[in-house]
Amino acid sequence: MNSQLLKRLFRAIQSGSGPDVEVLCRKVVEDERKAGHGRVAEDLERILEKVPKPSPAPGGPGTLTRLPTSGRDAAPLLQEVPRDQLRHHMVLPEEVERRFRRIEKEYAARTRLAAHGLHPRQRILLHGPPGCGKSLGAERLAWNTGLPLLKVRFDTLLSSYFGETHSNLRKVFDSAETTPCALFLDECDTLARSRTDRNDVGEATRITNALLEMLEAYRGDGLVIAATNLDSALDSALIRRFDEVLRIPLPSTSEIEGILKSTLSAVITEKSLPWWHLALEMDGMSGSEVTQIARNAAKHAVLEGRKVVTGDDLRFALTEIHERHHQAI
Ligand SMILES: Nc1ncnc2c1ncn2[C@@H]1O[C@H](COP(=O)(O)OP(=O)(O)OP(=O)(O)O)[C@@H](O)[C@H]1O
Ligand SMILES: [Mg+2]
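Reading guide: rules and limits
Residues numbered from 1 in each chain as written. Chains lettered and ligands numbered in written order. Predicted model: local features only at pLDDT ≥ 70, side-chain atom pairs only at ≥ 80, totals over all residues. Helix = DSSP H or I, 4+ residues; strand = E, 2+ residues; numbered from the N terminus. Buried ≥ 20, exposed ≤ 12 C-beta atoms within 10 Å, placed from the backbone. Contact = placed C-beta atoms within 7 Å. Near = placed C-beta within 6 Å. Nonpolar A, V, L, I, M, F, W, Y, C, P; charged D, E, K, R; others polar. Domains from an automatic or database assignment. Pairing = 2+ DSSP bridges. Axes fitted to C-alpha atoms, helices over the stretch in contact; angles between N-to-C directions. Core = buried A, V, L, I, M, F, W, Y, C linked by C-beta atoms within 7 Å. Parallel < 35°, antiparallel > 145°, perpendicular 65-115°, else oblique. Left-handed = near helix turned anticlockwise from the far one by under 90°. pLDDT = per-residue confidence, 0-100. Expected span 1.5 Å × (residues − 1).

**Student:** Explain the overall build of the protein chain here, please?
**Tutor:** In terms of regular secondary structure, the protein chain is built from 14 helices and eight strands. Here the protein chain, with 329 residues, has 35% of them falling under the buried criterion. When contacts within the protein chain are restricted to residue pairs at least 6 apart in sequence, long-range pairs at least 24 apart make up 74% of them.

If you want it as structure tokens, here you go:
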């Protein structure tokens, strides 16, 4: 284990900073996973899960009935993702990982920051190509901060009745201010289309402006996370309202290798598996596709009654995905 990390962990224990200890412990878990010690990482994680959480956030699990509903048909405007369903293992470029960690660290240190009149980064925008881990990024932030993840349901929020979308949005933000949570506006371009789009007039523009105002006025104790894969939807007025704008790119070859290894960390793989070569062959694919290839390869081995996943299993799964791409074109 990294000696710097060990020192930081000891210092955090010595100073009695519970949230820092937890963040550092999670880093140890991630490091072990990256080092290919999947089993150790899972054992450590299970131990962490037994650590009692500081104080359950009001509105956390079990308080779904208090979630806001839409005006006319009283349909839920928010959906809570149960904590045990949050996926959170990510393989990212160092700089992107550092910025994710910084958000988590600032959240953990929010009381210390407040003592100096400072605020943690709370309004986060995640963008990048499809399948690169934006939704996963929101889940990871909720997991590492311990905040309940509340996803905005655009299907019920967007109303055909004049003014109702605005009041639904208001309810969502009011609720996020009274209930500490990670409020997640996934595929937020549904709402905030580029204001330069000439077709985008009237109600859509008003809603975009309302979102900007509510983002700016947000004073809750949690996070507001928005995600989009449309770079063109990133209006400069929108970008300005966020404390952190994170672009998650397609994975590099070594990140593809990392995603393959972590997806297959719970199964036995062939000893001389040519990870790097296989990763090279997957160049240009998204994290989502790479994960799918690894899972399909593992399933293929199981169905053939083998305990060991081979390079051929992975190549077979890769060919299938390639073929599917060609069929789609
Ligand atoms: N950087 C990554 N590290 C590890 N796994 C990843 C990464 N990116 C994607 N994945 C895998 O792909 C799955 C799908 O990713 P996710 O849904 O977060 O992508 P997205 O960017 O939200 O895509 P979309 O634009 O289609 O909404 C994840 O659950 C995970 O298994
Ligand atoms: Mg997504």
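Past the structure itself, the notes keep going.
**Student:** Help me understand unusual backbone geometry, please; the structure alone is not making it clear to me.
**Tutor:** Glycine aside, a negative phi is what most residues show, and trans is what most peptide bonds show. Of note, the phi angle at Glu187 is positive, near 50°, even though the residue is not glycine. Note on placement: Glu187 falls in the loop between strand S4 (182-185) and helix H9 (203-217).

**Student:** Got a minute to help me understand the site of ligand 1 in this structure?
**Tutor:** In the region of ligand 1, 16 residues are neighbours, and Gly133, Ser135, Leu136, Gly287 and Ser288 sit closest. Taken together, the elements giving at least two residues each to the shell around ligand 1 come down to helix H6 (134-145) and helix H13 (287-303). In terms of residue class, the shell around ligand 1 is made up of seven nonpolar, seven polar and two charged. Built from parts of two domains, the shell around ligand 1 gets at least three residues from each of domain 2 (58-247) and domain 3 (253-328).

**Student:** How should the sheet that holds strand S6 (residues 244-247) be read in this particular structure?
**Tutor:** Note: strands within a sheet are paired through backbone hydrogen bonds, in either parallel or antiparallel orientation. Pairing in this open sheet of six strands is mixed, and the strands run S1-S3-S4-S5-S2-S6 from one edge to the other. Every interior strand has two partners, whereas the edge strands, strand S1 (78-81) and S6, have only one. Here the strands of the sheet are splayed against their neighbours by 25° on average, with no regard to which way each runs. By the bridge criterion, four bridges tie S1 to strand S3 (residues 149-152) in an arrangement that is antiparallel. For Val81, the partnering residue across the bridge sits in S3 and is Leu149.

**Student:** Please clarify how the pairing of strand S5 (residues 223-228) should be interpreted in this entry.
**Tutor:** Consecutive side chains of a regular strand alternate in pointing toward one face of the sheet and then the other. Of all six residues in S5, six are buried, a share of seventy percent or more. Residue alternation in S5 divides its side chains into two sets, Leu223, Ile225 and Ala227 and Val224, Ala226 and Thr228, and both sets are buried. The sheet contact formed by S4 and S5 spans four bridges and is parallel. Looking at S5, one finds that Ala182 is bridged to Leu223.

**Student:** How do you make sense of the nonpolar core when you look at a structure like this?
**Tutor:** A general feature of soluble globular proteins is that nonpolar side chains tend to end up buried together. Counting 64 residues, the largest nonpolar core has Ala138, Ala182, Leu183, Phe184, Ile225 and Leu260 as the members making the most contacts within it. Ranked by residues supplied to this core, first place goes to H13 with six residues. Lining this core are residues from two domains, each supplying at least three of them: domain 2 (58-247) and domain 3 (253-328).

**Student:** Would you mind showing me how to read the packing of helix H8 (residues 164-178) against H9 here?
**Tutor:** The description of two helices packed together rests on the angle between their axes and the distance between the axes. Put simply, H8 and H9 touch, their axes get as near as 10 Å, and they point 15° apart. Viewed along their axes, H8 and H9 adopt a mutual orientation that is roughly parallel. Here the hand of the crossing between H8 and H9 comes out right-handed. Contact residues: H8 offers Thr165, His166, Leu169 and Phe173, while H9 offers Arg206, Ile207, Ala210, Leu211 and Met214. When its residues are assigned to classes, the contact of H8 with H9 shows six nonpolar, two polar and one charged.

**Student:** Quick question: what am I supposed to make of the pairing of S4 here?
**Tutor:** Burial along S4 is two-sided: the face carrying Ala182 and Phe184 and the face carrying Leu183 and Leu185 are both buried. Sheet topology note: the S3/S4 ladder contains three bridges and is parallel. Its bridge partner being in S4, Lys151 is matched across the sheet by Phe184.

**Student:** For this particular structure, what's the right way to read the confidence of the model for the protein chain?
**Tutor:** A low pLDDT score tells you not to read the predicted coordinates there in detail. Scored by pLDDT, the protein chain has a mean of 86; 88% of the residues are at 70 or more. Long-range and interchain partners of residues 54-65, a stretch whose pLDDT sits below 50, account for 17 contacts in this model, where long-range means more than four residues apart. Of the regions scoring below 50 in pLDDT, residues 194-198 engages in eight contacts with residues more than four places distant in sequence or in other chains.

**Student:** I keep staring at H9 and nothing clicks. Help me out?
**Tutor:** Since one α-helical turn is 3.6 residues long, residues separated by three or four positions face the same way. Taking 1.5 Å of rise per residue, 15 residues should cover 21 Å, and H9 covers 21 Å from first to last C-alpha, within 8% of that figure. Among the structural elements, strand S2 (123-127), H8 and S5 are those in contact with the buried residues of H9.

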